[in-house]
Amino acid sequence: FRSLFGLKMKRMGDAQYFAQTPKLDLIQKQLDSDNHSHKLEALKRLIAMISKGKESSAMFPYVVKNIVVHNVEIKKLVYMYLIHYAEQKPDEALLAISHFQKDMTDKNQHIRASALRVLSSIRVPLIAQVVMIAIRKCANDGSPYVRKAAAIAIPKIYSLNEEEKDTLIGIIATLMGDNNTLVLGAAMFAFSEVCPERYDLLHRHYRKICRLLVDCDEWGQVLILNCLLRYARTQFLNPLKEGYKKKTTFYNKDDDSDADSSDGEDPYVYDMDADHRLLLKSTVALLQSRNSAVVLTVASLYFHVAPVSEFAGVVKALTRIARASRESQFVILTTISSMAAERPGVFRPHFKDFFVSEVDAPLVRDLKLNILAMLATESNAPMMLKEFRVYMKHADVSFVKSTIQALGRVANNIPEVADACLTDLLGMINSKIEEIAAEAVIIMRHLLQKQALNHPRIVKKLCKLLDTIQVPVARASIIWLVGEFQSLIPTLAPDAFRKLTKGFRDEEDVARLQIVTLGVKLYLAENQDSKVKARIAELFQFVLQMAKYDIMYDIRDRTRMAKTLLFSTDDSEAGRMLSQKAKEVLLVDKAPPEFTVRPQDQSRFQLSSMSHMVNHTATGYIPLPDFPDSQPEASLRDVDDRRHLYSDDDAEDSDESESSSDSDSDSGSDSGSDSDSDSRDSGKRSDSDSDKDSDSGSGSGSGSDNSASSSRTS
């Protein structure tokens, strides 16, 4: 059995360490062993424990001792462990600081980067200067992987010592001039964390960043897009204003008046800055990205800085990623909901993409229903109502209630389909589930408040439901409808008041309050004979007497007000005036309610940001700047950038660049200057790293690395 178990573990490979939970005593013995294979196995077990979220910080002293081992594979795992626990164990990590500094000169790029990451993770102000020297050195390293680590370490040292901000800004400016996309994304991250308001640093690199954007990694693309969005809001004019667009024809002829757009296209060409147009052209390709965060950030950029006609091209990409994982759907649909609230026209052709699926989560269902309600028009409403009828047969009560609310919003926005919606809601009143019937009654009350005169039959049916519906909010809504439209049911309203008076003590607070209001309205009604009016007066006095001692102060206050206005014994002029004006005070016309889908102030946040998701200002949120009133100077971005990008075509543009690239990549070439020698040594290190490490392909080739290093030193 043991041999079979061991054979099975071998076949699993390194996955076996995730299937086991070893004791820490065994790991400690393996770490203290002189056998490298035992050390390697122990470190793999620790990394597996960290990956599973299990605590293993007790092994920190035993792991940090193995920093002196020369085995590259062991050293990599040691640094992975130390990076995870360096902030929690700063005192123990300080014991090996000399070894970290020594590893900064290691020939392996991953070891150099890991040493810097551990150094920057030690949260001790005493070594801030040591970390600054390390960052300054790694920022000029020949490996882009190490330069990226230096850029990521900058925000850490800034949070530890903000007095070094000016020095760090200088390092950031150097890294932003790097042509390697691996470094550029990390440099923009450091820029957004340390000095997001220093837009002057972006001027000379703006066009290069736009061109390199598609080649950056997905993490870097999101960071760069957010920085470029804020930069565009401060450097370009608002393209949504009428003053910044001009009408034109296809051939741009002013005398061709018959060429106006008749096929739904935008007949305007926006007079935009060339760099503004460059930003939009550089980001449109990212809409095809497989990463939902990248697509969502591009959509947010287009929403905030692009014309409405060009934003329409983003909708297909948004509907594509809306079918992503359940974890992403909530963020994506929340952003789409905010966009559709302001620009519903661009989403209406795609309304079928927001039909609810059986596997959708409850929050996703509610968001899709909100979006459908906003996109409803007279032409697509019949198909939506047909879809809603299917949803109202669902077993989930909360989903059915949300569907009823969406149905009410459609009827409120499109009066042409209000009759069909009321018919569907009337059918839901007979539901055996009281919550569903109550929700239908509440929505019908809102709709009938606008057009009850056209539906007296529905008011009568709702009045008769007072004998069966027991949900307090639904009963209060029906009582309010009976009092508000008692002229449509002159015989049923007094009888309903009689029944409600009998059970006044057993009603809930919200229903008792409406019974008092119903008595006031019936007492002031003029379409009743004397006998009925006298009977109503007696019942009303009885209700007022009981409500006078009610435990709810709202009911007591309303009772006192009704008594003062209707049965005042004050013979003064003010008392007589109050009695005469009682009808105008108590029977004033009410404005119909508005169906609100989401808070109205949510649009003040940048789309897809954390503050936008939670609808309040999150920690660290910086509001989007406003567009300038006048166009800033565009010549600030006119920089003669002779450094070529990473493409073979660019490398062949000139003989001078070819000779420079050849001389940098030639490890045997002679150079009299120290800077060229440093660059050549860095190239050798990068070449050796790529031979020894299987994952060194994350950076660029040696030729491009050396040319980047040569351009920095020059």
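Residues numbered from 1 in each chain as written. Predicted model: local features only at pLDDT ≥ 70, side-chain atom pairs only at ≥ 80, totals over all residues. Heavy atoms only, no water.

Novice: Any chance you could explain the overall build of the chain here in plain terms?
Specialist: Scanning the chain for helices and strands turns up 38 helices and 2 strands. Contacts in the chain between residues at least 24 apart in sequence constitute 68% of all its contacts with a sequence separation of at least 6. If you sum the accessible surface of the chain, you get close to 35700 Å²; carbon and sulfur atoms cover 51% of it. (Helix = DSSP H or I, 4+ residues; strand = E, 2+ residues; numbered from the N terminus. Contact = heavy atoms within 4.5 Å. Areas by Shrake-Rupley, 256 points an atom, 1.4 Å probe, with all protein chains shown as cover.)

Novice: What's the story with the nonpolar core in this structure? I'm lost.
Specialist: Within soluble globular proteins, side chains that are nonpolar tend to cluster in buried spots. Among the nonpolar cores identified, the biggest contains 204 residues, and Tyr81, Phe347 and Leu462 are the most heavily contacted of them. In terms of residue count, the dominant contributor to this core is helix α17 (residues 292-305) (9 residues). Once you skip the residues sitting within four places of it in the chain, Phe347 turns out to touch Phe311, Val315, Leu318, Ile336, Met339, Ala340, Phe354 and Leu375. (Core = buried A, V, L, I, M, F, W, Y, C linked by side-chain atoms within 4.5 Å. Buried < 20%, exposed > 50% of the residue type's maximum accessible area, 1.4 Å probe, protein only.)

Novice: Whenever I open this one, the packing of aromatic side chains confuses me. Can you help?
Specialist: Geometry of an aromatic ring pair is reported as the spacing of the ring centres plus the angle between the planes. Within this structure, the stated rule accounts for 18 aromatic pairs. Their ring planes at 50 degrees and their centres at 5.7 Å tell us that Phe189 and Trp219 sit as a pair that is tilted. Note that Phe189 is positioned in helix α13 (residues 181-194) and Trp219 in helix α15 (residues 218-235), a separation of 30 residues in sequence. Taking 5.4 Å as the distance between ring centres and 45 degrees as the angle between the ring planes, the aromatic pair formed by Tyr391 and Phe399 counts as tilted. Of the two residues examined, Tyr391 and Phe399, each falls in the buried class. Connected via pairs of aromatic rings, a cluster forms that spans Tyr199, Tyr206, Tyr231 and Phe236. Positioned over the ring face of Phe303 is Arg343, at 4.3 Å from the centre of the ring. A cation sits over an aromatic face here: Arg445 above Trp480, 4.5 Å from the ring centre. (Phe/Tyr/Trp six-rings, centres within 6.5 Å; stacked < 30°, edge-to-face > 60°. Lys NZ or Arg CZ within 6 Å of the ring centre and 35° of its normal.)

Novice: Is there a simple way to explain helix α12 (residues 165-176) in this structure?
Specialist: Spacing of three or four residues puts side chains on the same side of an α-helix, whose turn is 3.6 residues. A rise of 1.5 Å per residue sets the reference length of α12, with its 12 residues, at 16 Å; its end C-alpha atoms lie 16 Å apart and thus fit the reference within 8%. Of all the residues in α12, the buried ones are Leu168, Ile169, Ile171, Ile172, Leu175 and Met176. Mapping the buried residues of α12 onto a view down its axis gives an arc of 160 degrees, with all of them on the same face. Of the surrounding secondary structure, the elements contacted by the buried residues of α12 are α10 (128-138), α11 (144-160), α13 and α14 (206-212). (Expected span 1.5 Å × (residues − 1). Arc of directions from axis to C-beta.)

Novice: Is there a simple way to explain the layout of surface pockets in this structure?
Specialist: Where empty space is left in the structure can be found by rolling a water-sized probe over the atoms. Quantified by volume, the largest pocket comes out at close to 790 Å³. Considering the residues around the largest pocket, the lining is formed by 30 residues, among which Asn226, Arg230, Gln606, Ser609 and Tyr621 are closest to the centre. In terms of residue class, the lining of the largest pocket is built from 17 nonpolar, 11 polar and 2 charged. (1 Å grid on protein atoms, 1.4 Å probe; cavity = no way out; pocket = protein on both sides within 12 Å on 5 of 7 lines; lining within 4 Å. Points joined across faces, edges and corners; volume = space filled by probe spheres on them. Nonpolar A, V, L, I, M, F, W, Y, C, P; charged D, E, K, R; others polar.)

Novice: In this structure, what is going on with the side chain of Lys368? I would like to understand it.
Specialist: Structurally, the position occupied by Lys368 is in helix α21 (residues 362-375). With relative accessibility at 6%, the residue Lys368 sits in the buried group. Setting aside chain neighbours within four positions, we find Lys368 in contact with Leu333, Phe354, Phe355, Val356, Ser357 and Asp360.

Novice: How should I be thinking about the packing of helix α22 (residues 381-391) against helix α23 (residues 397-413) in this particular structure?
Specialist: The description of two helices packed together rests on the angle between their axes and the distance between the axes. Two elements in contact, α22 and α23, have axes whose closest approach is 9 Å; the angle formed by their N-to-C orientations is 160 degrees. Here α22 lies roughly antiparallel to α23, going by the angle between them. In this structure, α22 crosses over α23, and the sense of that crossing is left-handed. Between α22, through Leu385, Phe388 and Tyr391, and α23, the contact on the second element is made entirely by Phe399, Val400, Thr403, Ala406, Leu407 and Val410. When its residues are assigned to classes, the contact of α22 with α23 shows 8 nonpolar, 1 polar and no charged. (Axes fitted to C-alpha atoms, helices over the stretch in contact; angles between N-to-C directions. Parallel < 35°, antiparallel > 145°, perpendicular 65-115°, else oblique. Left-handed = near helix turned anticlockwise from the far one by under 90°.)

Novice: What's the story with α22 in this structure? I'm lost.
Specialist: Along α22, the residues that are buried comprise Ala381, Met384, Leu385, Phe388 and Tyr391. Mapping the buried residues of α22 onto a view down its axis gives an arc of 110 degrees, with all of them on the same face. Along α22, exposed side chains directed more than 90 degrees from the buried face belong to Lys386 and Val390. On its buried face, α22 is in contact with α21, α23 and α24 (418-428).

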